[in-house]
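# Structure assessment
Listed below, chain by chain, are the residues.
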Amino acid sequence: MGKCAKIMKGNCSIKFEESKTVFTLKIPAKPYGSQKITTPIDIKTFKLPDKIWGIAIDDSKIQMKLLGKFFEFAGVPSDRVHVFGKDADEIMGFVDFVVNFMDENMGDHVLLIADENLDVTDEASKHRTISGSQLVENIRLRLLPEQEQFLVALIRSANDSSSDVAIYNARAHGFLPKAPIKRANILETLAPLWMARYPQEVGDDDDSLPSRMSRRSRADSFSSLESSASLNDAVATTPIEIIQMVKEISDLFSKGRIMEDRVLRQNIWEKLHALKGDLLTLQVGSKVITAVGMINSFRDAQSNEDLSERWSLLQEQILSFAS
């Protein structure tokens, strides 16, 4: 809670009294009505601007493929989509690429989606995790205000606790949970995030950039997508890809005593986190939810035997719906 309060430029405290516990949270807030009235979002008429670019980064090949489909379903032409993360060079050079790209494409909107946990292996075979939201914050700090206003940056993560989401929202413009990617709900998901970035203000005399963009965004109908025969198309991780990931993790478990090998333990945890993200793109059912909970429990393991037992149970759970 302290971290959340600090991010919101406030503070909090807790006091234990004889008959009660008092929790106090203080954050700056604007009085109701101090901002212009906004109109409701009409999902059926929302679309992204015509001249928009899609840029994404994820260290998982599976997720990179899904992000390409995400942009396709959002209506971004394939020749205006760039997805990065296939190697350490692409991840480490991402900030420079985006800043230079926006220099070269002044006035074009960019929808940027970044995975929060980007695993990198350097030339010395050392693993480390790069924060996608930190990369986004670095990008925003390097852009001029007139450039940054054309950027909508979202963080996509399997970690969706309130404190995590508060960090994402502080560093970027919004949060996207990892979930099944369906053509029918992509724009429904993006609409409130886009309109929060560019509120549609009431009044024809307001010619600010947000108002102009909101009017352009809503100028064309969503009906062309509604009439598509593939409206309910969905893209998710395939069972074959899930099983391949399980095999890779099993190979790591067979390498030795994990609790004593920090590098091996970190590598396994990174693979488990990636597996969790891939599972969340499946059609969520009780078996998938159980598997995700089992992955979260690995942090509580106290011994090699405990880890191995948890992995055996997790494998059995995953194979019950993926094989």
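Refer to the structure presented above.
Small disclaimer: the values here were computed from a predicted structure and weren't measured. (Residues numbered from 1 in each chain as written. Predicted model: local features only at pLDDT ≥ 70, side-chain atom pairs only at ≥ 80, totals over all residues. Heavy atoms only, no water.)

The sheet built from five strands is open, its strands ordered S4-S3-S5-S8-S9 with parallel pairing. Looking at strand neighbours, the two that pair on one side only are strand S4 (81-84) and strand S9 (174-177), the edges of this open sheet. For this sheet, the mean inter-axis angle between neighbouring strands, taken without regard to orientation, is 20°. Where strand S3 (residues 52-57) lies against strand S5 (residues 109-115), six bridges are found, and the strand directions are parallel. (Pairing = 2+ DSSP bridges. Helix = DSSP H or I, 4+ residues; strand = E, 2+ residues; numbered from the N terminus. Axes fitted to C-alpha atoms, helices over the stretch in contact; angles between N-to-C directions.)

Within the largest apolar cluster, 29 residues are counted, with the highest numbers of intra-cluster contacts made by Phe94, Val110, Leu112, Ile139 and Leu151. Here the element with the most residues in this core is helix H4 (residues 94-104); it accounts for six residues. What leucine 112 contacts, discounting residues up to four positions off in sequence, is Ile55, Phe94, Val98, Val136, Ile139, Leu151, Val152, Ala153 and Leu154. (Core = buried A, V, L, I, M, F, W, Y, C linked by side-chain atoms within 4.5 Å. Buried < 20%, exposed > 50% of the residue type's maximum accessible area, 1.4 Å probe, protein only. Contact = heavy atoms within 4.5 Å.)

Attention shifts here to the environment of arginine 142. Tracing the backbone shows arginine 142 in helix H5 (residues 132-142). A C-alpha to C-alpha distance of 9.3 Å links arginine 142 and aspartate 96, two positions 46 residues apart in sequence. Among all residues touching arginine 142, those that are not within four sequence positions of it are Val95, Asp96 and Val99.

This brings us to a nonpolar patch on the surface. A cluster of nonpolar residues, Met1, Met8, Ile14, Phe16, Phe23, Leu25 and Ile27, forms a patch on the protein surface that exposes about 720 Å² of accessible area. When residues of the nonpolar patch are traced back to their parent elements, those giving at least two are strand S1 (11-16) and strand S2 (21-26). Tracing the chain through its elements places phenylalanine 23 in strand S2. (Patch = residues over 30% accessible without salt bridge, like charges linked within 9 Å, V, L, I, M, F, W, Y side chains within 5 Å. Areas by Shrake-Rupley, 256 points an atom, 1.4 Å probe, with all protein chains shown as cover. Salt bridge = Lys/Arg side-chain N within 4 Å of Asp/Glu carboxyl O.)

Relative to the 20 Å expected for 14 residues at 1.5 Å per residue, helix H2 (residues 61-74) spans 20 Å between its end C-alpha atoms, a close match to the ideal helical length. Taken as a whole, H2 has its buried residues at Ile62, Gln63, Met64, Leu66, Leu67, Phe70, Phe71, Phe73 and Ala74. (Expected span 1.5 Å × (residues − 1).)

What follows deals with the environment of asparagine 169. Among the structural elements, asparagine 169 can be located in helix H7 (residues 162-171). Considering only alpha carbons, one finds asparagine 169 and serine 133, 36 residues apart in sequence, at a separation of 8.8 Å. In this view, asparagine 169 contacts Gly174 and Phe175; residues no more than four positions away in its chain are not counted.

The interhelical angle for the contact between H2 and helix H8 (residues 183-197), taken along N-to-C directions, is 80°, at an axis separation of 8 Å. With respect to H8, the element H2 is oriented roughly perpendicular. Here Phe70, Glu72, Phe73 and Ala74 of H2 come into contact with H8, specifically with Arg183, Ile186, Leu187 and Leu190. Of the residues that constitute the contact of H2 with H8, the class distribution is six nonpolar, no polar and two charged. (Parallel < 35°, antiparallel > 145°, perpendicular 65-115°, else oblique. Nonpolar A, V, L, I, M, F, W, Y, C, P; charged D, E, K, R; others polar.)

With that settled, consider the packing of aromatic side chains. Under the definition given, this model contains eight aromatic pairs. Between phenylalanine 253 and tryptophan 311, the ring centres sit 5.2 Å apart and the planes meet at 5°, which makes this aromatic pair stacked. Of this pair, phenylalanine 253 sits in helix H11 (residues 239-253) while tryptophan 311 sits in helix H14 (residues 304-322), placing them 58 residues apart in sequence. The pair phenylalanine 253 / tryptophan 311 is uniform in exposure class, with both members buried. Three or more aromatic residues link up through ring pairs in this structure, and these residues are Trp53, Phe84, Phe94, Phe97 and Phe101. Over the ring of tryptophan 53 we find arginine 80, and its NZ or CZ is 3.9 Å from the ring centre. (Phe/Tyr/Trp six-rings, centres within 6.5 Å; stacked < 30°, edge-to-face > 60°. Lys NZ or Arg CZ within 6 Å of the ring centre and 35° of its normal.)

Right, let's talk about the pattern of salt bridges for a bit. Within the structure shown, the criterion is met by 16 salt bridges. Residue lysine 178 pairs with aspartate 58 through a salt bridge whose shortest N-O separation is 4.0 Å. Within this pair, whereas lysine 178 is found in the loop between S9 and strand S10 (181-182), its partner aspartate 58 is found in the loop between S3 and H2, the two being separated by 120 residues in sequence. We note that lysine 178, like aspartate 58, is buried.

Our next topic: the environment of leucine 264. Mapped onto the fold, leucine 264 is located in helix H12 (residues 262-279). On the basis of relative accessibility, which here comes to 9%, the residue leucine 264 falls in the buried class. A sequence separation of 137 residues divides leucine 264 from histidine 127, and the C-alpha atoms of the two residues are 9.6 Å apart. Once residues lying within four places of it in the same chain are set aside, the contact partners of leucine 264 are Leu252, Lys255, Gly256 and Ile258.

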